[in-house]
Amino acid sequence: MESIAARTLILAFIMLVSLVACQLGEPAITPAPTHGASHPFDVAWDDRAIFREGLIESEQEALGRLPGASVYRIDFQIADDLFLLEGHEQVRYTNQEDEPLHDIYFRLFSNTAGGKTTVSALQVDDQEVEPVYEFEDSALRVPLPVALQPGEQAVIQMDFEVQVAREMAGNYGLFGYFEGVLVLDEFYPVIPAYDDEGWNVEVPPPNADVTHFDASFYLVRVTAPDSLTVAASGVEVGREYKADTQILTFAAGPARDFYLAASEDYIVVSETVGETTINSYALSEWTAGAELALQFATNALRGFSKRFGDYPYTEFDIVSTPMQALGMEYPGIIAITLKEYDPEAEFSGVSSQVYLESTLAHEAAHQWFYNVVGNDQIDEPWLDEAVVQYATGLYYVDAYDEAAAQRYRESWYGRWDRVDRADVPIGLPAGEYTGKEYGAIVYGRGPLFITALAEAMGQETFDQFLRDYYQSNKWGIGTADAFRQLAEDHCQCDLTALFHEWVYQR
Ligand SMILES: [Zn+2]
(Lines give C-alpha, C1' and ligand atoms only; values in the text may rest on other atoms or scores of the structure.)
Protein backbone atom coordinates (compact mmCIF):
# COMPACT_ATOMS: atom_id res chain seq x y z
CA MET A 1 0.00 0.00 0.00
CA GLU A 2 1.00 3.61 -0.21
CA SER A 3 -0.49 6.17 2.13
CA ILE A 4 -0.84 9.92 1.71
CA ALA A 5 2.32 11.93 2.31
CA ALA A 6 3.62 15.40 1.69
CA ARG A 7 6.33 16.03 -0.84
CA THR A 8 8.20 19.14 -1.79
CA LEU A 9 7.07 21.57 -4.45
CA ILE A 10 10.50 21.54 -6.02
CA LEU A 11 10.19 17.85 -6.59
CA ALA A 12 6.83 18.45 -8.23
CA PHE A 13 8.09 20.94 -10.76
CA ILE A 14 11.07 18.83 -11.74
CA MET A 15 9.00 15.69 -12.03
CA LEU A 16 6.39 17.45 -14.15
CA VAL A 17 9.09 18.35 -16.63
CA SER A 18 10.10 14.73 -16.92
CA LEU A 19 6.43 13.76 -17.23
CA VAL A 20 5.81 16.09 -20.15
CA ALA A 21 8.90 14.69 -21.83
CA CYS A 22 7.60 11.14 -21.80
CA GLN A 23 5.69 9.95 -24.83
CA LEU A 24 2.43 8.10 -24.61
CA GLY A 25 2.20 4.76 -26.37
CA GLU A 26 -0.64 3.80 -28.67
CA PRO A 27 -3.16 1.92 -26.54
CA ALA A 28 -5.05 -0.93 -28.15
CA ILE A 29 -8.27 -2.42 -26.83
CA THR A 30 -8.02 -6.18 -26.47
CA PRO A 31 -11.35 -8.05 -26.33
CA ALA A 32 -11.74 -10.58 -23.52
CA PRO A 33 -11.67 -14.22 -24.59
CA THR A 34 -14.98 -16.08 -24.76
CA HIS A 35 -15.27 -19.67 -23.67
CA GLY A 36 -17.85 -22.44 -23.45
CA ALA A 37 -20.64 -22.60 -20.91
CA SER A 38 -19.73 -25.78 -18.94
CA HIS A 39 -19.41 -25.23 -15.21
CA PRO A 40 -15.81 -24.21 -14.56
CA PHE A 41 -15.73 -25.94 -11.15
CA ASP A 42 -16.31 -29.41 -12.66
CA VAL A 43 -12.65 -30.38 -12.54
CA ALA A 44 -10.46 -32.32 -10.11
CA TRP A 45 -8.91 -30.27 -7.30
CA ASP A 46 -5.42 -30.98 -8.64
CA ASP A 47 -6.27 -30.12 -12.24
CA ARG A 48 -4.51 -26.79 -12.78
CA ALA A 49 -4.93 -26.57 -16.55
CA ILE A 50 -7.33 -23.63 -16.26
CA PHE A 51 -4.60 -21.52 -14.62
CA ARG A 52 -2.18 -21.98 -17.51
CA GLU A 53 -3.42 -19.09 -19.64
CA GLY A 54 -2.92 -16.65 -16.78
CA LEU A 55 0.82 -17.35 -16.64
CA ILE A 56 3.47 -16.46 -19.19
CA GLU A 57 5.15 -19.50 -20.69
CA SER A 58 8.32 -19.47 -18.60
CA GLU A 59 6.30 -19.19 -15.37
CA GLN A 60 3.90 -22.06 -16.08
CA GLU A 61 6.31 -24.43 -14.33
CA ALA A 62 4.84 -23.04 -11.08
CA LEU A 63 1.73 -25.13 -11.81
CA GLY A 64 3.74 -28.29 -11.27
CA ARG A 65 5.06 -27.04 -7.93
CA LEU A 66 3.19 -25.95 -4.78
CA PRO A 67 1.30 -29.24 -4.37
CA GLY A 68 -0.14 -28.12 -1.04
CA ALA A 69 -1.36 -24.68 -2.14
CA SER A 70 -4.96 -23.98 -1.18
CA VAL A 71 -7.50 -24.09 -3.99
CA TYR A 72 -10.47 -21.71 -3.72
CA ARG A 73 -13.70 -22.05 -5.71
CA ILE A 74 -15.93 -19.09 -5.11
CA ASP A 75 -19.29 -18.60 -6.80
CA PHE A 76 -21.03 -15.38 -5.85
CA GLN A 77 -23.64 -12.91 -6.97
CA ILE A 78 -23.55 -9.13 -6.78
CA ALA A 79 -27.03 -7.73 -6.10
CA ASP A 80 -28.57 -5.19 -8.50
CA ASP A 81 -27.99 -2.34 -6.03
CA LEU A 82 -24.37 -3.56 -5.53
CA PHE A 83 -24.70 -3.51 -1.73
CA LEU A 84 -25.06 -7.25 -1.17
CA LEU A 85 -22.94 -10.26 -2.12
CA GLU A 86 -24.23 -13.79 -1.72
CA GLY A 87 -22.13 -16.80 -2.50
CA HIS A 88 -20.76 -20.22 -1.89
CA GLU A 89 -17.12 -21.01 -1.27
CA GLN A 90 -15.23 -24.27 -1.30
CA VAL A 91 -11.57 -24.51 -0.32
CA ARG A 92 -9.31 -27.53 -0.54
CA TYR A 93 -6.78 -26.97 2.25
CA THR A 94 -3.63 -29.02 2.82
CA ASN A 95 -1.88 -29.15 6.18
CA GLN A 96 1.64 -28.15 5.15
CA GLU A 97 2.84 -27.80 8.75
CA ASP A 98 4.69 -30.43 10.74
CA GLU A 99 2.04 -30.66 13.43
CA PRO A 100 -1.63 -31.67 13.44
CA LEU A 101 -4.20 -28.88 13.11
CA HIS A 102 -7.33 -28.85 15.25
CA ASP A 103 -8.85 -25.71 13.73
CA ILE A 104 -8.63 -23.81 10.47
CA TYR A 105 -9.07 -20.05 10.53
CA PHE A 106 -10.64 -17.81 7.94
CA ARG A 107 -10.40 -14.04 7.91
CA LEU A 108 -13.58 -11.95 7.48
CA PHE A 109 -11.97 -8.55 7.00
CA SER A 110 -15.15 -6.79 5.88
CA ASN A 111 -16.36 -6.96 9.49
CA THR A 112 -13.71 -4.42 10.50
CA ALA A 113 -14.00 -2.38 7.29
CA GLY A 114 -17.54 -1.05 7.37
CA GLY A 115 -19.25 -4.15 5.98
CA LYS A 116 -20.72 -7.30 7.46
CA THR A 117 -19.96 -10.90 6.55
CA THR A 118 -21.85 -13.88 7.90
CA VAL A 119 -21.25 -17.51 7.14
CA SER A 120 -23.73 -20.40 7.14
CA ALA A 121 -23.99 -24.06 6.15
CA LEU A 122 -20.35 -24.58 7.14
CA GLN A 123 -19.03 -28.05 6.37
CA VAL A 124 -15.70 -29.81 6.67
CA ASP A 125 -15.53 -32.82 4.36
CA ASP A 126 -19.35 -32.91 4.25
CA GLN A 127 -19.72 -32.80 8.04
CA GLU A 128 -21.60 -29.84 9.45
CA VAL A 129 -19.55 -27.64 11.77
CA GLU A 130 -20.50 -24.69 13.97
CA PRO A 131 -18.31 -21.65 13.21
CA VAL A 132 -16.83 -19.46 15.97
CA TYR A 133 -16.40 -15.73 15.33
CA GLU A 134 -13.30 -14.19 16.95
CA PHE A 135 -11.11 -11.05 16.87
CA GLU A 136 -14.00 -8.57 16.59
CA ASP A 137 -15.61 -10.91 14.02
CA SER A 138 -12.62 -10.41 11.68
CA ALA A 139 -11.83 -14.11 12.01
CA LEU A 140 -13.84 -17.30 11.80
CA ARG A 141 -12.52 -20.36 13.60
CA VAL A 142 -13.56 -23.64 12.04
CA PRO A 143 -13.14 -26.47 14.56
CA LEU A 144 -12.18 -29.63 12.69
CA PRO A 145 -14.23 -32.76 13.54
CA VAL A 146 -11.00 -34.77 13.22
CA ALA A 147 -7.50 -33.28 13.58
CA LEU A 148 -5.83 -32.73 10.22
CA GLN A 149 -2.46 -34.49 10.23
CA PRO A 150 0.57 -33.13 8.33
CA GLY A 151 0.08 -33.71 4.62
CA GLU A 152 -3.65 -34.39 4.96
CA GLN A 153 -6.29 -32.42 3.09
CA ALA A 154 -9.76 -31.17 3.94
CA VAL A 155 -12.46 -29.50 1.88
CA ILE A 156 -14.19 -26.70 3.74
CA GLN A 157 -17.31 -25.18 2.26
CA MET A 158 -19.75 -22.53 3.31
CA ASP A 159 -22.35 -20.08 2.15
CA PHE A 160 -21.47 -16.46 2.77
CA GLU A 161 -23.34 -13.20 2.71
CA VAL A 162 -21.59 -9.85 2.64
CA GLN A 163 -23.12 -6.45 3.21
CA VAL A 164 -20.97 -4.03 1.23
CA ALA A 165 -19.72 -0.92 3.04
CA ARG A 166 -21.61 2.26 2.17
CA GLU A 167 -19.14 4.55 3.93
CA MET A 168 -15.39 4.42 4.21
CA ALA A 169 -15.17 2.91 7.66
CA GLY A 170 -11.84 1.17 8.07
CA ASN A 171 -8.88 -0.16 6.10
CA TYR A 172 -8.59 3.01 4.01
CA GLY A 173 -11.97 2.57 2.30
CA LEU A 174 -10.66 -0.28 0.17
CA PHE A 175 -13.92 -2.20 0.54
CA GLY A 176 -17.32 -0.80 -0.41
CA TYR A 177 -19.40 0.89 -3.04
CA PHE A 178 -18.50 4.58 -3.29
CA GLU A 179 -18.65 7.21 -6.02
CA GLY A 180 -19.94 4.72 -8.58
CA VAL A 181 -17.15 2.19 -8.02
CA LEU A 182 -17.56 -1.18 -6.31
CA VAL A 183 -14.30 -2.21 -4.64
CA LEU A 184 -14.13 -5.74 -3.26
CA ASP A 185 -11.03 -5.95 -1.09
CA GLU A 186 -11.00 -9.13 1.05
CA PHE A 187 -14.68 -9.84 0.44
CA TYR A 188 -14.46 -13.63 0.70
CA PRO A 189 -13.53 -15.84 3.68
CA VAL A 190 -9.77 -16.40 3.30
CA ILE A 191 -7.31 -18.62 5.17
CA PRO A 192 -4.42 -16.73 6.81
CA ALA A 193 -0.83 -17.98 6.88
CA TYR A 194 0.21 -20.47 9.53
CA ASP A 195 3.81 -20.21 10.70
CA ASP A 196 5.96 -20.58 13.81
CA GLU A 197 3.47 -18.31 15.63
CA GLY A 198 0.62 -20.63 14.63
CA TRP A 199 -2.33 -19.06 12.81
CA ASN A 200 -1.69 -15.43 11.86
CA VAL A 201 -4.87 -13.94 13.23
CA GLU A 202 -5.20 -10.67 15.07
CA VAL A 203 -7.47 -7.64 15.06
CA PRO A 204 -6.30 -5.84 11.89
CA PRO A 205 -3.90 -2.94 12.63
CA PRO A 206 -5.50 0.42 11.70
CA ASN A 207 -2.52 1.91 9.81
CA ALA A 208 -1.15 -0.80 7.59
CA ASP A 209 -1.79 -3.71 5.27
CA VAL A 210 -3.76 -6.44 6.98
CA THR A 211 -3.04 -9.57 4.97
CA HIS A 212 -0.57 -12.43 5.27
CA PHE A 213 -1.58 -15.28 2.98
CA ASP A 214 0.11 -18.18 1.23
CA ALA A 215 0.11 -18.40 -2.55
CA SER A 216 -3.08 -20.18 -3.63
CA PHE A 217 -5.24 -20.92 -6.67
CA TYR A 218 -8.52 -19.08 -7.20
CA LEU A 219 -11.38 -19.99 -9.48
CA VAL A 220 -14.05 -17.34 -9.04
CA ARG A 221 -17.41 -17.10 -10.79
CA VAL A 222 -19.26 -13.84 -10.35
CA THR A 223 -22.80 -13.06 -11.44
CA ALA A 224 -23.25 -9.31 -11.74
CA PRO A 225 -25.48 -6.74 -13.43
CA ASP A 226 -24.38 -6.64 -17.07
CA SER A 227 -24.07 -2.87 -16.95
CA LEU A 228 -20.87 -3.23 -14.90
CA THR A 229 -17.37 -3.32 -16.34
CA VAL A 230 -15.50 -5.75 -14.09
CA ALA A 231 -11.75 -5.98 -13.47
CA ALA A 232 -10.25 -8.69 -11.28
CA SER A 233 -7.19 -10.69 -10.37
CA GLY A 234 -6.25 -13.38 -12.88
CA VAL A 235 -7.68 -13.85 -16.35
CA GLU A 236 -11.26 -14.17 -17.52
CA VAL A 237 -11.82 -17.80 -18.55
CA GLY A 238 -15.58 -17.73 -19.03
CA ARG A 239 -18.35 -15.29 -19.91
CA GLU A 240 -22.09 -15.84 -20.26
CA TYR A 241 -25.13 -13.58 -20.28
CA LYS A 242 -28.50 -14.34 -18.69
CA ALA A 243 -31.33 -11.80 -18.57
CA ASP A 244 -29.71 -8.60 -17.24
CA THR A 245 -26.70 -10.34 -15.77
CA GLN A 246 -23.25 -11.35 -16.87
CA ILE A 247 -21.60 -14.46 -15.45
CA LEU A 248 -17.83 -14.10 -15.48
CA THR A 249 -15.28 -16.69 -14.40
CA PHE A 250 -11.77 -15.71 -13.38
CA ALA A 251 -8.79 -18.01 -12.82
CA ALA A 252 -5.88 -16.66 -10.78
CA GLY A 253 -2.89 -18.48 -9.43
CA PRO A 254 -0.52 -18.90 -7.95
CA ALA A 255 -1.75 -15.72 -6.25
CA ARG A 256 -1.81 -14.47 -2.71
CA ASP A 257 -5.32 -12.99 -2.81
CA PHE A 258 -8.25 -12.27 -5.11
CA TYR A 259 -9.57 -8.74 -5.76
CA LEU A 260 -12.33 -7.33 -7.91
CA ALA A 261 -13.41 -3.79 -8.82
CA ALA A 262 -16.32 -2.76 -11.04
CA SER A 263 -18.11 0.30 -12.31
CA GLU A 264 -20.76 1.17 -14.87
CA ASP A 265 -18.57 4.07 -15.87
CA TYR A 266 -15.21 2.34 -16.44
CA ILE A 267 -13.40 2.72 -19.73
CA VAL A 268 -10.32 0.62 -20.46
CA VAL A 269 -7.17 1.21 -22.47
CA SER A 270 -4.66 -1.57 -23.05
CA GLU A 271 -1.08 -2.18 -24.08
CA THR A 272 1.07 -5.28 -24.48
CA VAL A 273 4.47 -5.86 -22.90
CA GLY A 274 6.00 -9.19 -23.93
CA GLU A 275 3.36 -11.84 -23.20
CA THR A 276 1.46 -9.56 -20.81
CA THR A 277 -1.59 -7.44 -21.58
CA ILE A 278 -1.86 -4.35 -19.39
CA ASN A 279 -5.40 -3.00 -18.93
CA SER A 280 -5.88 0.44 -17.42
CA TYR A 281 -9.41 1.16 -16.14
CA ALA A 282 -10.68 4.58 -15.14
CA LEU A 283 -13.94 6.52 -14.97
CA SER A 284 -14.79 7.83 -18.43
CA GLU A 285 -14.04 11.46 -17.60
CA TRP A 286 -10.43 10.52 -16.73
CA THR A 287 -9.39 8.73 -19.93
CA ALA A 288 -6.20 10.77 -20.14
CA GLY A 289 -5.26 9.56 -16.66
CA ALA A 290 -5.93 5.97 -17.70
CA GLU A 291 -3.51 6.42 -20.60
CA LEU A 292 -0.86 7.94 -18.36
CA ALA A 293 -1.23 5.08 -15.88
CA LEU A 294 -0.88 2.65 -18.78
CA GLN A 295 2.36 4.26 -19.88
CA PHE A 296 3.79 4.22 -16.34
CA ALA A 297 2.77 0.58 -15.91
CA THR A 298 4.46 -0.31 -19.19
CA ASN A 299 7.68 1.29 -17.93
CA ALA A 300 7.35 -0.48 -14.58
CA LEU A 301 6.76 -3.97 -15.95
CA ARG A 302 9.64 -3.64 -18.40
CA GLY A 303 12.07 -2.31 -15.78
CA PHE A 304 11.20 -4.61 -12.89
CA SER A 305 11.02 -7.72 -15.13
CA LYS A 306 14.56 -7.03 -16.31
CA ARG A 307 15.87 -6.39 -12.81
CA PHE A 308 14.17 -9.07 -10.71
CA GLY A 309 12.67 -11.65 -13.09
CA ASP A 310 9.73 -11.68 -15.50
CA TYR A 311 6.32 -10.46 -14.37
CA PRO A 312 4.61 -13.88 -14.09
CA TYR A 313 1.09 -13.25 -15.40
CA THR A 314 -0.35 -12.68 -18.87
CA GLU A 315 -2.49 -9.84 -17.50
CA PHE A 316 -1.88 -6.79 -15.34
CA ASP A 317 -4.78 -4.51 -14.48
CA ILE A 318 -4.83 -1.00 -13.04
CA VAL A 319 -8.09 0.31 -11.60
CA SER A 320 -8.84 3.82 -10.45
CA THR A 321 -10.92 3.65 -7.25
CA PRO A 322 -12.02 5.83 -4.34
CA MET A 323 -9.85 5.22 -1.26
CA GLN A 324 -8.17 6.99 1.63
CA ALA A 325 -4.70 5.75 0.62
CA LEU A 326 -2.79 6.52 -2.58
CA GLY A 327 -2.82 3.00 -3.90
CA MET A 328 -3.14 -0.66 -3.03
CA GLU A 329 -1.60 -3.82 -4.41
CA TYR A 330 -3.36 -7.07 -5.23
CA PRO A 331 -2.17 -10.04 -7.29
CA GLY A 332 -2.25 -9.10 -10.96
CA ILE A 333 -4.19 -5.91 -10.28
CA ILE A 334 -3.48 -2.64 -8.49
CA ALA A 335 -5.86 0.08 -7.33
CA ILE A 336 -4.93 3.76 -7.51
CA THR A 337 -6.90 6.54 -5.83
CA LEU A 338 -9.34 8.40 -8.14
CA LYS A 339 -7.82 11.73 -7.14
CA GLU A 340 -4.56 10.95 -8.93
CA TYR A 341 -6.50 10.81 -12.23
CA ASP A 342 -7.80 14.35 -11.86
CA PRO A 343 -5.23 16.58 -13.60
CA GLU A 344 -6.36 19.58 -11.52
CA ALA A 345 -5.89 17.82 -8.20
CA GLU A 346 -2.91 18.44 -5.95
CA PHE A 347 -1.45 16.64 -2.97
CA SER A 348 0.11 19.17 -0.59
CA GLY A 349 0.89 21.38 -3.57
CA VAL A 350 2.25 18.55 -5.71
CA SER A 351 0.50 17.69 -8.96
CA SER A 352 -1.63 14.55 -9.13
CA GLN A 353 0.34 13.26 -12.11
CA VAL A 354 3.59 13.21 -10.15
CA TYR A 355 1.84 11.14 -7.52
CA LEU A 356 0.21 8.91 -10.13
CA GLU A 357 3.61 7.89 -11.46
CA SER A 358 5.27 7.13 -8.12
CA THR A 359 2.17 5.35 -6.78
CA LEU A 360 1.91 3.29 -9.95
CA ALA A 361 5.58 2.27 -9.74
CA HIS A 362 5.23 1.45 -6.03
CA GLU A 363 2.14 -0.74 -6.42
CA ALA A 364 3.55 -2.43 -9.53
CA ALA A 365 6.74 -3.33 -7.61
CA HIS A 366 4.54 -5.10 -5.06
CA GLN A 367 3.81 -7.72 -7.74
CA TRP A 368 7.37 -8.90 -7.13
CA PHE A 369 7.57 -8.12 -3.40
CA TYR A 370 4.30 -9.06 -1.68
CA ASN A 371 2.69 -11.28 -4.32
CA VAL A 372 5.34 -13.52 -5.85
CA VAL A 373 7.60 -13.24 -2.80
CA GLY A 374 5.31 -12.94 0.19
CA ASN A 375 6.08 -11.68 3.66
CA ASP A 376 4.26 -11.10 6.91
CA GLN A 377 2.86 -7.63 6.19
CA ILE A 378 1.69 -7.20 9.77
CA ASP A 379 4.83 -8.30 11.63
CA GLU A 380 7.51 -7.38 9.07
CA PRO A 381 5.95 -4.70 6.87
CA TRP A 382 9.35 -3.22 5.91
CA LEU A 383 10.21 -6.36 3.98
CA ASP A 384 7.83 -5.46 1.19
CA GLU A 385 7.23 -1.72 1.73
CA ALA A 386 10.85 -0.55 2.14
CA VAL A 387 12.00 -2.77 -0.73
CA VAL A 388 9.16 -1.54 -2.93
CA GLN A 389 9.98 2.10 -2.14
CA TYR A 390 13.59 1.38 -3.08
CA ALA A 391 12.38 -0.32 -6.29
CA THR A 392 10.35 2.80 -7.12
CA GLY A 393 13.68 4.67 -7.19
CA LEU A 394 14.93 2.05 -9.66
CA TYR A 395 11.82 2.67 -11.78
CA TYR A 396 12.97 6.27 -12.31
CA VAL A 397 16.50 5.12 -13.13
CA ASP A 398 15.14 2.74 -15.77
CA ALA A 399 12.43 4.99 -17.22
CA TYR A 400 14.45 8.24 -17.12
CA ASP A 401 17.85 8.56 -15.48
CA GLU A 402 19.73 8.67 -12.18
CA ALA A 403 18.89 12.37 -11.72
CA ALA A 404 15.13 11.68 -11.94
CA ALA A 405 15.56 8.87 -9.42
CA GLN A 406 17.43 11.17 -7.07
CA ARG A 407 14.60 13.70 -7.21
CA TYR A 408 12.08 10.99 -6.35
CA ARG A 409 14.29 9.71 -3.49
CA GLU A 410 14.03 13.13 -1.82
CA SER A 411 10.48 12.06 -0.93
CA TRP A 412 11.92 9.46 1.44
CA TYR A 413 13.54 12.23 3.48
CA GLY A 414 10.27 14.17 3.26
CA ARG A 415 8.50 11.27 4.91
CA TRP A 416 11.20 10.67 7.53
CA ASP A 417 11.16 14.41 8.37
CA ARG A 418 7.62 13.97 9.65
CA VAL A 419 9.16 12.35 12.75
CA ASP A 420 12.23 14.63 12.68
CA ARG A 421 14.38 11.80 11.34
CA ALA A 422 14.01 9.84 14.59
CA ASP A 423 16.03 6.61 14.50
CA VAL A 424 13.01 4.40 15.15
CA PRO A 425 13.80 0.88 13.83
CA ILE A 426 12.27 0.03 10.47
CA GLY A 427 11.73 -3.61 11.49
CA LEU A 428 8.87 -3.30 14.00
CA PRO A 429 5.45 -4.93 13.55
CA ALA A 430 2.94 -2.48 12.01
CA GLY A 431 0.95 -2.27 15.23
CA GLU A 432 3.94 -0.97 17.23
CA TYR A 433 4.19 2.26 15.27
CA THR A 434 2.02 5.30 15.83
CA GLY A 435 0.06 6.32 12.73
CA LYS A 436 2.57 9.09 12.03
CA GLU A 437 5.60 6.84 12.57
CA TYR A 438 4.40 4.03 10.32
CA GLY A 439 4.58 5.97 7.05
CA ALA A 440 7.62 8.01 8.11
CA ILE A 441 9.72 5.04 9.20
CA VAL A 442 8.67 2.11 7.02
CA TYR A 443 8.21 4.15 3.78
CA GLY A 444 10.79 6.88 4.49
CA ARG A 445 13.61 5.53 6.64
CA GLY A 446 13.03 2.03 5.20
CA PRO A 447 14.25 2.68 1.65
CA LEU A 448 17.12 4.73 3.08
CA PHE A 449 18.20 1.57 4.90
CA ILE A 450 18.01 -0.43 1.66
CA THR A 451 20.18 2.28 0.06
CA ALA A 452 22.68 2.01 2.93
CA LEU A 453 22.66 -1.77 2.55
CA ALA A 454 23.38 -1.46 -1.19
CA GLU A 455 26.27 0.89 -0.40
CA ALA A 456 27.69 -1.48 2.21
CA MET A 457 27.44 -4.50 -0.10
CA GLY A 458 28.47 -2.70 -3.28
CA GLN A 459 25.75 -1.85 -5.82
CA GLU A 460 26.46 -4.72 -8.20
CA THR A 461 26.53 -7.32 -5.42
CA PHE A 462 23.35 -5.85 -3.95
CA ASP A 463 21.55 -5.98 -7.32
CA GLN A 464 22.48 -9.65 -7.68
CA PHE A 465 21.35 -10.31 -4.11
CA LEU A 466 17.93 -8.69 -4.61
CA ARG A 467 17.36 -10.67 -7.80
CA ASP A 468 18.40 -13.84 -5.97
CA TYR A 469 16.08 -13.02 -3.03
CA TYR A 470 13.23 -12.76 -5.54
CA GLN A 471 14.15 -15.85 -7.54
CA SER A 472 14.84 -18.12 -4.58
CA ASN A 473 11.67 -17.17 -2.66
CA LYS A 474 9.22 -17.28 -5.59
CA TRP A 475 5.69 -18.10 -4.37
CA GLY A 476 7.10 -18.60 -0.88
CA ILE A 477 7.45 -16.34 2.15
CA GLY A 478 10.51 -14.17 2.77
CA THR A 479 11.59 -13.23 6.28
CA ALA A 480 13.90 -10.54 7.63
CA ASP A 481 16.31 -13.22 8.86
CA ALA A 482 16.42 -14.95 5.48
CA PHE A 483 16.83 -11.57 3.75
CA ARG A 484 19.83 -10.72 5.92
CA GLN A 485 21.36 -14.19 5.63
CA LEU A 486 21.16 -14.13 1.85
CA ALA A 487 22.62 -10.61 1.74
CA GLU A 488 25.56 -11.76 3.88
CA ASP A 489 26.05 -14.79 1.63
CA HIS A 490 26.30 -12.48 -1.36
CA CYS A 491 28.63 -9.88 0.12
CA GLN A 492 30.60 -12.35 2.24
CA CYS A 493 30.44 -9.71 4.93
CA ASP A 494 28.95 -9.26 8.39
CA LEU A 495 25.89 -7.00 8.30
CA THR A 496 25.06 -7.30 12.01
CA ALA A 497 25.97 -3.70 12.86
CA LEU A 498 24.05 -2.26 9.91
CA PHE A 499 20.89 -4.24 10.74
CA HIS A 500 21.18 -3.18 14.39
CA GLU A 501 21.49 0.44 13.41
CA TRP A 502 18.42 0.46 11.16
CA VAL A 503 16.20 -2.59 11.51
CA TYR A 504 15.98 -4.24 14.88
CA GLN A 505 14.01 -3.49 18.03
CA ARG A 506 15.19 -0.75 20.32
ZN1 LIG B 1 3.06 -0.57 -0.52
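Remember, it's a predicted structure, so these values are computed and weren't measured experimentally.

*Asks:* Give me the sheet that holds strand β17 (residues 260–263): which residues, what numbers.
*Replies:* In sheet architecture, strand pairing relies on hydrogen bonds along the backbone and comes in two forms, parallel and antiparallel. Overall, antiparallel pairing links the 4 strands, which are arranged β9-β10-β17-β14 in an open sheet. The open sheet has two edge strands, β9 (176–178) and β14 (229–232), and neither has a second partner. For this sheet, the mean inter-axis angle between neighbouring strands, taken without regard to orientation, is 15 degrees. Sheet analysis places strand β10 (residues 181–184) next to β17, joined by 4 bridges and oriented antiparallel. Within the sheet, the bridge partner assigned to Leu-182 lies in β17 and is Ala-262.

*Asks:* Please give an account of the sheet that holds strand β5 (residues 127–128) that cites residues and values.
*Replies:* Within the open sheet, the 8 strands sit side by side as β5-β4-β8-β2-β1-β13-β16-β15. Their pairing is mixed. Of all the strands in the sheet, just β5 and β15 (235–242) have a single pairing partner and so form its edges. Two elements, strand β2 (residues 84–94) and strand β8 (residues 153–163), share 11 bridges in a ladder whose sense is antiparallel. Looking at β8, one finds that Leu-84 is bridged to Gln-163.

*Asks:* Any chance you could break down the confidence of the model for the chain for me, citing the residues and the numbers?
*Replies:* Model confidence for the chain is summarised by a mean pLDDT of 92, while 93% of its residues fall at 70 or above. Note on residues 5–36: pLDDT under 50 across the span, and 56 contacts to partners over four residues away in sequence or across chains.

*Asks:* Before we move on, could you go through helix α2 (residues 287–308) and cite the residues and values that matter?
*Replies:* Helical geometry note: an α-helix holds 3.6 residues per turn, so side chains three or four residues apart project in the same direction. Between its first and last C-alpha, α2 extends 31 Å over 22 residues, near the 32 Å set by a 1.5 Å rise per residue. With its phi angle positive at about 140 degrees, Gly-309 sits one or two positions after the end of α2.

What counts, and where the lines are drawn
Residues numbered from 1 in each chain as written. Predicted model: local features only at pLDDT ≥ 70, side-chain atom pairs only at ≥ 80, totals over all residues. Pairing = 2+ DSSP bridges. Helix = DSSP H or I, 4+ residues; strand = E, 2+ residues; numbered from the N terminus. Axes fitted to C-alpha atoms, helices over the stretch in contact; angles between N-to-C directions. pLDDT = per-residue confidence, 0-100. Contact = placed C-beta atoms within 7 Å. Expected span 1.5 Å × (residues − 1).

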